[in-house]
Amino acid sequence: MTPVATPPDLRALTSLRFLAAAWVVLYTAWPHLAVGFTPVAVSKGYLGVEVFFVLSGFILSHVYLEAAGEKRYSHKGFLWARIARVYPLHLVTLFGMVGLGIAAGVAGLDVDASLTDWRSLPAQLTMTHAWGLAPSSAFNHPSWSISAEWFAYLTFPAFAFVAWRLRQFPAVAVVLAAVVGLGIWAVFERLAGFSLTEATFRWGALRIVPCFMLGCALYLVYRRGPIPFAGPVALLSGAAVIASASLGLWDPITVLFAGALILALGSLANDKAGVFASKAGVYLGEISYSIYMVCAPALLVSTNVAAKLVGADDKRFHVIVWLAVVAAIPVAAVATYHLVERPARKALRGWADKNRKASGATKAHTELA
């Protein structure tokens, strides 16, 4: 897609994606569990999205930064690769929710009226529904973060421009990213009255900026060489993420700890990453995007079915039933990954490669003529 060499595979970071998705799923599904409390760490599960955002900045820098800095980078090719990665499943889950919303209305099931707010459809189709262009959080709500990612993809050359010029000063880059990010979070919270880490369809495009910026800066540290004592640092950082979320500390503090965890796991050699580099861990990471995107539709279906079966009108279930409800999410994700996400990505990239080769052949023929 773009003239860049494939960099080393950071398997531990692929597995981390699953943990981030699982945190979001737990946050989303917990209200359906018939218990009288919500652990603070669970209530902070929306920060799993921040983990994805930091990872995105780190991994895209890992793959594309050097090519961008050395002018060997095609932004058009980069964007097509990103579209191939996220758009097919977004489209399928979007229209899946449309179908479920219509079916629920016909069946007389109780669903949020905003589920089929048709005014939001154009922004959904263009992945701009987290840019303040959608009047409501309609259809597949979690997809707001894909819209935020799309904003970061479009502006990646700006992030790369700054990161490349700071490549010799990685510590400075990280400090600047942290200071600017904390400033954005603090100013937004003061002006909006709520944390930027809780923004979705109205301010999601801004929400990704400090995280993506942090990921790019952390990659510069990794680029100079994997950090020493990566294993212990990963353990301490992971514990810090759990502790800060459990104590309800200011959200950006948890995000910074998550950044340290990403840097440490990225610095682990695959043969030393343990379960994070296992086939099972990597596979779960590979289907994490599907897990995230099917979470809402799978819960919509499974909670309504379970409510009918056990007579729980409030859709709050005994832990055994709740576990069955939650289990429907990875099952659906496996199906969408193998039937939609992976084959569509392969087809779109193959189509682009075929066109690129055909264009190159035509150009060569013209020059020879």
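Residues numbered from 1 in each chain as written. Predicted model: local features only at pLDDT ≥ 70, side-chain atom pairs only at ≥ 80, totals over all residues. Heavy atoms only, no water.

Helices and strands together make up the secondary structure of the chain, namely 14 helices and zero strands. Going from the N terminus to the C terminus, the chain shows its helices and strands as α-α-α-α-α-α-α-α-α-α-α-α-α-α. For 369 residues, the compact-globule estimate of 2.2 N^0.38 gives 21 Å, and the chain sits close to it at 21 Å. Each principal axis of the C-alpha atoms in the chain carries an extent, and together these give about 70 × 55 × 45 Å. Relative to its full complement of 369 residues, the chain shows a buried share of 49%. Here the analysis covers contacts within the chain between residues at least 6 apart in sequence; of these, 77% occur between residues at least 24 apart. When the accessible surface of the chain is totalled, it reaches about 17,300 Å², and 69% of it is carbon and sulfur. Of the side-chain charges in the chain, 29 are positive and 18 negative, and the distance between the mean point of each set is 8 Å. (Helix = DSSP H or I, 4+ residues; strand = E, 2+ residues; numbered from the N terminus. Rg over C-alpha atoms; globule rule 2.2 N^0.38 Å. Buried < 20%, exposed > 50% of the residue type's maximum accessible area, 1.4 Å probe, protein only. Contact = heavy atoms within 4.5 Å. Areas by Shrake-Rupley, 256 points an atom, 1.4 Å probe, with all protein chains shown as cover. Lys, Arg positive; Asp, Glu negative; His and termini not counted. Charge placed at Lys NZ, Arg CZ, Asp CG, Glu CD.)

Bringing helix α8 (residues 170-192) into the picture now. Taking 1.5 Å per residue, 23 residues should reach 33 Å; α8 reaches 32 Å between its end C-alpha atoms and fits that length. Three or more residues of α8 are buried, namely Pro-170, Ala-173, Ala-177, Ala-178, Gly-181, Trp-185 and Phe-188. The inward-facing, buried residues of α8 abut α9 (204-224) and α11 (251-267). Phi turns positive, to about 85°, at Gly-193, one or two residues after α8. (Expected span 1.5 Å × (residues − 1).)

So, on to a nonpolar patch on the surface. On the surface, Val-301, Val-305, Leu-309 and Val-310 cluster together to form a nonpolar patch covering roughly 370 Å² of accessible area. Locating Val-305 in the fold gives a position in helix α13 (residues 288-310). With a relative accessible area of 45%, Val-305 lands in the partly exposed category. (Patch = residues over 30% accessible without salt bridge, like charges linked within 9 Å, V, L, I, M, F, W, Y side chains within 5 Å. Salt bridge = Lys/Arg side-chain N within 4 Å of Asp/Glu carboxyl O.)

Read these as spatial facts, not as claims about activity.
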